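What follows is each chain in one-letter form.
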Amino acid sequence: MERLLEVMRRLRGPGGCPWDKEQTHLSLRPYMLEEAAEAVDAMTAGDMPHLAEELGDVLLQVAFHSVIAEEAGSFTYPQVERLIVDKLIRRHPHVFGDVQADTPEQVAANWQAIKAKESKAPRSICDEVPRSLGALARATELQKKLGTPASSEAEVIEALHQGDLAEALWRMVALCRREQAHPEILLRERCEKAC
């Protein structure tokens with residue numbers, strides 16, 4: 001990681017790359033999303049050599065943002081690393097402490113309870129789900145947090161008959177949840193069939 005950070009500092013430093021030097025946290029947003037999506041594509045394809053390459057691209061984004069923040073005096077890469085290590089230890093008291101959690105469901109419940117305690121300010125449920133997620137993925141997470149009941153096929157059709165496509169999509173997400181299917185992944189797989 002230190003070598004990657006050194007390369008990024010060189011790229012952004014005197015005599016470095018003009019494109020890299022002009023980038024900001026905001027200008028790099030599309031690349032963060034794209035690189036994460038490409039890593040997911042490699043996972044889906046089961047292409048491990050490609051996944052290794054794509055994970056490197058995701059790691060590049062971490063390094064890029066860390067160096068930009070370092071230059072601005074906002075934070076450093078060691079802080080990023082320390083924060084995630086501390087969070088993992090704190091949110092796994094069943095491994096690093098004396099809490100009992102024998103099932104994935106118990107672990108998830110503990111994780112959410114710890115996460116809620118850590119929140120610095122009250123947030124709405126809508127603020128808890130990243131707005132940059134794909135709309136289907138965001139709807140899925142929002143519905144889980146809101147406790148939205150599962151939909152039936154009839155409810156989806158009813159919304160379609162009313163001409164409310166947004167409601168039909170919302171209900172379709174709830175139908176997918178009932179079927180224990182992730183709509184974002186389903187639609188991505190269907191897109192691949194079209195290609």
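What you see is a predicted model, and the numbers here were worked out from it, not measured in a lab.

## Let's talk about the nonpolar core
One finds L5, M8, L28, A63, F64, V67, I68 and Y77 forming the largest nonpolar core, which totals 8 residues. Secondary structure elements with two or more residues in this core: α1 (2–12) and α4 (48–72). Among the elements that take part in this core, α4 stands out by supplying 4 residues, more than any other.

## Some points on the packing of helix α9 (residues 135–146) against helix α11 (residues 165–178)
Contact geometry for α9 and α11: axes closest at 10 Å, N-to-C directions at 70 degrees. Judged by the inter-axis angle, α9 sits roughly perpendicular to α11. Taken as a pair, α9 and α11 cross one another with a handedness that is right-handed. Facing α9, whose interface residues are L136, A139, T140, L142, Q143, K144 and L146, α11 presents W170, V173, A174 and R177.

## Considering α1
If you check which residues of α1 are buried, you get L5, M8 and R12. The arc enclosing the buried residues of α1, seen along the axis, measures out at 60 degrees, which places them on a common side. Opposite the packed face of α1, turned more than 90 degrees from it, sit the exposed residues R3 and R10. Elements in contact with the buried residues of α1: α2 (18–22), α4 and α5 (77–90).

## Things to note about the side chain of S66
Within the secondary structure layout, S66 lies in helix α4. When sequence neighbours within four positions are dropped, the list of residues in contact with S66 reads L5, F75, Y77 and V80.

## Things to note about the pattern of salt bridges
Overall, the coordinates contain 14 salt bridges when judged by the stated rule. The salt bridge involving E2 is made with R9; its shortest N-O contact spans 3.1 Å. With a relative accessible area of 46%, E2 lands in the partly exposed category. Judged by its relative accessible area of 29%, R9 falls in the partly exposed class. Between E153 and R178 there is a salt bridge, with its nearest N and O atoms 3.1 Å apart.

## Comments concerning the side chain of R91
Tracing the sequence through the fold places R91 in the loop between α5 and α6 (93–96). When near neighbours in sequence (up to four residues on either side) are disregarded, R91 contacts W111, I114, K115 and E118.

## What to know about the layout of surface pockets
Here the second largest pocket defines a volume of roughly 330 Å³. Lining the second largest pocket are 14 residues, and of these A37, L133, G134, E184 and R188 lie nearest its centre. For the lining of the second largest pocket, the elements supplying multiple residues, two or more each, are α3 (29–45), α9 and α12 (183–194). The element best represented in the lining of the second largest pocket is α3, accounting for 6 residues. The residue inventory of the lining of the second largest pocket, partitioned by class, reads 7 nonpolar, 3 polar and 4 charged.

Reading the values: rules and limits
Residues numbered from 1 in each chain as written. Predicted model: local features only at pLDDT ≥ 70, side-chain atom pairs only at ≥ 80, totals over all residues. Heavy atoms only, no water. Core = buried A, V, L, I, M, F, W, Y, C linked by side-chain atoms within 4.5 Å. Buried < 20%, exposed > 50% of the residue type's maximum accessible area, 1.4 Å probe, protein only. Helix = DSSP H or I, 4+ residues; strand = E, 2+ residues; numbered from the N terminus. Axes fitted to C-alpha atoms, helices over the stretch in contact; angles between N-to-C directions. Parallel < 35°, antiparallel > 145°, perpendicular 65-115°, else oblique. Left-handed = near helix turned anticlockwise from the far one by under 90°. Contact = heavy atoms within 4.5 Å. Arc of directions from axis to C-beta. Salt bridge = Lys/Arg side-chain N within 4 Å of Asp/Glu carboxyl O. 1 Å grid on protein atoms, 1.4 Å probe; cavity = no way out; pocket = protein on both sides within 12 Å on 5 of 7 lines; lining within 4 Å. Points joined across faces, edges and corners; volume = space filled by probe spheres on them. Nonpolar A, V, L, I, M, F, W, Y, C, P; charged D, E, K, R; others polar.

Taken by themselves, the reported measurements are silent on function.
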